[in-house]
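Single-letter residue listing:
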Amino acid sequence: MKKTLVIGLDLGGTKIAAGVVDSAGRLRSSVRLKTPATGVKQDLAALFDAASAAAQGAGVSLGAIRGVGVGVPGAHDPVTQTVWAPNLPGWEKVPLRRLLERTLGCPAFVEGDRNVQALAEVWLAKGTEVRNLILLTVGTGIGAGIVAEGRLITGARGVAGAAGWMAIEKRWQKTFGRVGCLEFLGAGPAVARLARTALRKNPRSLMGKLAAKKGSAIDAELVVAAARRGDSAARQVLEEVGSNLGRGVSSMISLLNPERVVLGGGLAAAADFILRPLRRAVKQWAQPLGARQVQIVKSSLGENAGVLGAARYALLHLASAPQDTVRRGQQRTR
């Protein structure tokens, strides 16, 4: 049986990832380009270049592609069909679906990156099949993709899963209004900030030596490297961040009763240091039955999660849309 081919596009603040994916979940090509981040027109052109390169890499023409799925670093409003991406200049109320369909000549389907990554985890991740899952992506920021009884939960205006704004501290700080409480205490920048504090207290920490050797400021990657080499101060920083994340995850588990929570994003590289305190906090703070039943694991999809998830989003919409509607969409964009 001939497999449907789609393109998955993962638009990020610094990079665009693209790939041709078939209906069995096989990634047939993989492309990485730098995001111009100089305006919508330039970013749209880069998305087209990435899609074209992905098709070429898979040895197919764009005409063989049934549709395109896009994960965006922000929110897609299902009412206005527009995208808000605060880390990309000019991306406010951008009609990305219409612009892509006009540019690529095929149906396009747009959703928040955390949401499509959650779909990928349900579709392709190892282990038993799940219908209730939370994908917690932790990098520069924090977001959660939520699948409940097999359905993606996006909220009234596409901002469901803004987990970085969960409150885990009793006292409000002004910074929480800008990035959110959990994000301030549990994302990549929190690792760097806590590490700088730890270094002042422990000036002999390996973190300082590694920063001096690299000639760069302390960041999360450097802290993880020091922890892997046995630095106790670095490990304590990751322990604290893991515990902070665990308090946020506890509320998610108590509210949604997922079968699985998956840690993704850049900080998942430190899962061997973060998951233990995270699980410990869940055991302490979450609803007891939910805490005992849930699996908390690292994503097995790595850097391809965004592309695979965007592709899955497109495949689901193509399967549910009447064929005459899809054909009319293709004709309208040519």
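A short note on the packing of aromatic side chains
Under the criterion given, the structure shown has one aromatic pair. Where Phe-176 meets Phe-184, the ring centres are 5.7 Å apart and the plane angle is 65 degrees; that geometry is what we call edge-to-face. When its relative accessible area of 5% is taken as the criterion, Phe-176 is described as buried. Judged by relative accessible area, which is 17%, Phe-184 ranks as buried. One Lys or Arg, Arg-193, reaches over the ring of Phe-184 and ends 3.8 Å from the middle of that ring.

Describing the pairing of strand β7 (residues 108–112)
Each regular strand shows side chains that alternate between the opposite faces of the sheet. Among the five residues of β7, five are classified as buried, and the element is accordingly described as predominantly covered. The pairing of strand β4 (residues 67–72) with β7 spans five bridges and is classified as parallel. Among the inter-strand pairings, Gly-69 is bridged to a residue of β7, identified as Phe-109.

Structural notes on the environment of Val-237
Take Val-237: it is sitting in helix α9 (residues 232–256). With 119 residues separating them along the chain, Val-237 and Ala-118 place their C-alpha atoms 28 Å apart. Excluding residues within four positions of it along the chain, Val-237 makes contact with Val-191, Leu-194, Ala-195, Ala-198 and Val-223.

Quick look at the environment of Ala-291
With respect to the helices and strands, Ala-291 occurs in helix α11 (residues 288–293). When its relative accessible area of 18% is taken as the criterion, Ala-291 is described as buried. Separated by 32 residues in sequence, Ala-291 and Glu-259 have C-alpha atoms that sit 9.7 Å apart.

Considering the confidence of the model for the protein
Of the residues in the protein, 96% have a pLDDT of 70 or more, and the chain-wide mean is 93. Predicted confidence is poor over residues 324–334, with pLDDT under 50, and the contacts of this stretch with residues over four places away or in other chains come to 14 contacts.

Points about the pattern of salt bridges
Going through the model one piece at a time under the given rule, you end up with nine salt bridges. We note a salt bridge from Asp-10 to Lys-15, for which the minimum N-O separation is 2.8 Å. For Lys-15, a relative accessible area of 30% puts it in the partly exposed group. Salt-bridge contacts for Arg-131 lead to Glu-149; the nearest nitrogen and oxygen are separated by 3.7 Å. Of this pair, Arg-131 sits in the loop between α3 (113–124) and β8 (133–138) while Glu-149 sits in the loop between β9 (142–148) and β10 (151–153), placing them 18 residues apart in sequence.

Concerning the sheet that holds β8
Spatially, β10-β9-β8-β11-β12 is the arrangement adopted by the five strands of the open sheet, whose pairing is mixed. Looking along the sheet, the strands with just one partner apiece sit at the ends: β10 and β12 (295–298). Strand-to-strand twist across the sheet, computed as the mean angle between neighbouring axes with direction ignored, equals 20 degrees. Sheet topology places strand β11 (residues 260–264) next to β12; four bridges connect them, and they run parallel. Each residue of the ladder has a partner; that of Leu-263, found in β12, is Lys-298. Of the strands in this sheet, β11 and β12 touch helix α10 (residues 271–285), which is tilted by about 165 degrees from β12.

About the criteria used
Residues numbered from 1 in each chain as written. Predicted model: local features only at pLDDT ≥ 70, side-chain atom pairs only at ≥ 80, totals over all residues. Heavy atoms only, no water. Phe/Tyr/Trp six-rings, centres within 6.5 Å; stacked < 30°, edge-to-face > 60°. Buried < 20%, exposed > 50% of the residue type's maximum accessible area, 1.4 Å probe, protein only. Lys NZ or Arg CZ within 6 Å of the ring centre and 35° of its normal. Helix = DSSP H or I, 4+ residues; strand = E, 2+ residues; numbered from the N terminus. Pairing = 2+ DSSP bridges. Contact = heavy atoms within 4.5 Å. pLDDT = per-residue confidence, 0-100. Salt bridge = Lys/Arg side-chain N within 4 Å of Asp/Glu carboxyl O. Axes fitted to C-alpha atoms, helices over the stretch in contact; angles between N-to-C directions.

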